[in-house]
2 protein chains.
Amino acid sequence: MEPLRLVQPEVGQSRYAALAAALRARIVAGEWPPGTALPAEQTLAAEHGVALGTMRRALELLTEQGFIERRHGRGTFVKPSLSGASLLRFFRFGDGSGQAPASRILSREPLPAPADVARTLGLGPGEPALRLLRLRLVAHQPCLHEEIWLPLPLFAALAEGDPADWGDLLYPLFAQRCGVHVHRAVDSIGFCRLPAEPARALALPADHPCARVQRQAFDLSGRCMELRTTLGDANAFHYTVAIT
Amino acid sequence: MEPLRLVQPEVGQSRYAALAAALRARIVAGEWPPGTALPAEQTLAAEHGVALGTMRRALELLTEQGFIERRHGRGTFVKPSLSGASLLRFFRFGDGSGQAPASRILSREPLPAPADVARTLGLGPGEPALRLLRLRLVAHQPCLHEEIWLPLPLFAALAEGDPADWGDLLYPLFAQRCGVHVHRAVDSIGFCRLPAEPARALALPADHPCARVQRQAFDLSGRCMELRTTLGDANAFHYTVAIT
C-alpha cells in the first residue's frame, strides 16, 4: 500500500493550493508524463489524505494554471507537450496547402553563451550553449531562417550524431533525446531588415523587410529551454487575432 | 405575470440548445444590454418553463459562445461591448506610458461602397457607406492612419454634426449615437509599403515599411459593423503571443 502523502500548507496558503503544489511537483518530476491520464480523483484524494472536494479544487487550480486538462467523459490528463509546428502560423508560404515545412540544419556548435542568451537560459556568463542555425523549406524553397540557443549540458545529446537524422520537428526530438518537454512558449513579433547571412540563406536581398519572431520555450518547471529567433520575408507574414 | 416563453427544439436540436438560442435572441434584441446582469437562473427557468438543470446547460453554452460571462459570487452578465482601445496593443509609440492616443478625423463622406466593402458589410453593390479617414496621435505625434467603412443608414447619425466632438474612442460613440454595440472583432496583421496619402499624414516617406491591421468588428447578431484598415510604421510594431 502507498504511504500517505500528507500536505502541510505554508502560512497563508490554503489547503487546496498546497495540494496543487504537491501534485504539480509530481507532474514536474515526471511521475505522470505529458499527455498521460492522472489517477482517479478518489485515488488521489486517498493518497494525499484529503476530502474529495479539496482534491477537486486543487485539480481546478492546476487546470487554470495550464498544467492539466479535463477531457469530457475521459478523465484528467497532463497537458501534452507542444509539437513545435506552431511557428508556421505566422507565415503563408507555398501553395497554402498547410504542408509541414522541411528542416535543414545549417550549422551546430557549442559556444560560450552571449550575455542575453545566458540570462534567458539561466546559465552563468560564458557558460556553454548549443547554437543551431536552421533553414525551413516549403516545396524545396527556403522560407524561414532560425537561430536557436539551447542550454548545455542538458542538450548534449544533440551535439553528437548527424543532424540529418533529426526529422523536421525539434520538440519531439528534445523529448526523445534529451528528456525535455516543451510545455509553453511565448512568441514576440517584430519587424526588421534582413541581415546579410540569413538573407543569403533565404535567397533574398540584404536589408529586405522581414518579420522576426523571438520565441522563448519553457518546460513544466518554468525554466526557459530554448531561445529562438526566426526571420522570414515580411510579405509572407500573416496573422489573425480575435478580440472578444 | 409574465407569459410562459415555451421553447420548441428544432429536429436534431437539444432542448438546452434551443433554449440558448431563445436567450441569445433576447440578448440580441436588446432586452438585456451589454454589461448588464441577467435575471436569476430560477427566474429564467420559470419564464421558459424548463428545469433549472436545463437552464444551467443553456447558460453554459452561451458562456462558451462568448455572449455572457459568469462573475464569481455576483451572477451572470451580458458580455460588455469592446471599448475600441485594443488596436494599440500592436504598436509601441511615444514614451511607452500606455497613454491613450488622441483621435483626429481627417475626412468623412458617404460613398458608394466598393465591392469588397459592400460584401463584408452586408450591403448591396454600390449602396452607400460612410468612409472615415482618421489619424491617431500619441503625444501630438501622428502614429496610425485608419480608413474606416461603416454601413448606412445604420450610422447616419455620424454623417452629421462636428467630428471634433466625437472624443477619442469610436466604439462608445457607436453605442451612444447609433445603438451599435461592438461585441467582438477579428484583426488580420500583415506588412506592406506605405501608400502616398497615409505616408503624408504620418510624416513618413512613401513606400516606408508599415504594419497593416485589417479589422472586422461584429455586433451581437454577428453582422459586420465596421471594416477598418490601420497603417503604422513597421518599426513600431510589436506583438506577443503565448502558446500553450
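Residues numbered from 1 in each chain as written. Chains lettered and ligands numbered in written order. Predicted model: local features only at pLDDT ≥ 70, side-chain atom pairs only at ≥ 80, totals over all residues. Heavy atoms only, no water.

Enquirer: Give me the lowdown on the UniProt feature "domain: HTH gntR-type" (unreviewed entry) in chain A, citing residues and values where you can.
Expert: Cross-referencing UniProt, the feature "domain: HTH gntR-type" (unreviewed entry) maps to residues 13-81 of chain A in the present numbering. Annotated as residues 13-81 of chain A, this span is 51% helix and 12% strand, and its ends, taken at the C-alpha atoms, are 29 Å apart. (UniProt positions renumbered as here; feature names shortened; annotations may be inferred. Helix = DSSP H or I, 4+ residues; strand = E, 2+ residues; numbered from the N terminus.)

Enquirer: Would you mind going over the environment of Ser14 of chain B in detail, with residue names and values included?
Expert: Residue and element names in this part refer to chain B. Mapped onto the elements, Ser14 comes out in the segment before helix H1 (15-28). A sequence separation of 97 residues divides Ser14 from Leu111, and the C-alpha atoms of the two residues are 45 Å apart. One polar contact links the side chain of Ser14 to the main-chain amide nitrogen of Ala17, over a distance of 3.2 Å. (Polar contact = N/O pair within 3.5 Å; in protein donor to acceptor, adjacent residues only side chain to side chain.)

Enquirer: Go over the pattern of salt bridges, please, and point to the residues and values.
Expert: Residue and element names in this part refer to chain A. Per the stated rule, a full pass over the model turns up 28 salt bridges over all chains. For Glu69, the salt bridge identified is with Arg71, shortest N-O distance 3.2 Å. According to the relative accessible area criterion, Glu69 is partly exposed, its value standing at 23%. Classification of Arg71 by relative accessible area gives partly exposed; the value is 24%. (Salt bridge = Lys/Arg side-chain N within 4 Å of Asp/Glu carboxyl O. Buried < 20%, exposed > 50% of the residue type's maximum accessible area, 1.4 Å probe, protein only.)

Enquirer: Lay out the packing of aromatic side chains with the relevant residues and their values.
Expert: Counted under the stated rule, the structure contains 13 aromatic pairs over all chains. Relative to Phe174 of chain A, the ring of Phe155 of chain A lies with its centre 4.9 Å away and its plane at 75°, an arrangement referred to as edge-to-face. In this pair, Phe155 of chain A is assigned in the loop between strand E5 (141-151) and helix H5 (170-178) and Phe174 of chain A in helix H5, connecting sequence segments 19 residues apart. Look at Phe155 of chain A and you get buried, because its relative accessible area is 0%. Classification of Phe174 of chain A by relative accessible area gives buried; the value is 0%. Following the ring pairs from residue to residue traces out a cluster consisting of Phe90, Phe91, Phe191, Phe237 and Tyr239 of chain A together with Phe90, Phe91, Phe191, Phe237 and Tyr239 of chain B. Against the face of Phe77 of chain B rests Arg71 of chain B, its NZ or CZ located 3.9 Å from the ring centre. (Phe/Tyr/Trp six-rings, centres within 6.5 Å; stacked < 30°, edge-to-face > 60°. Lys NZ or Arg CZ within 6 Å of the ring centre and 35° of its normal.)

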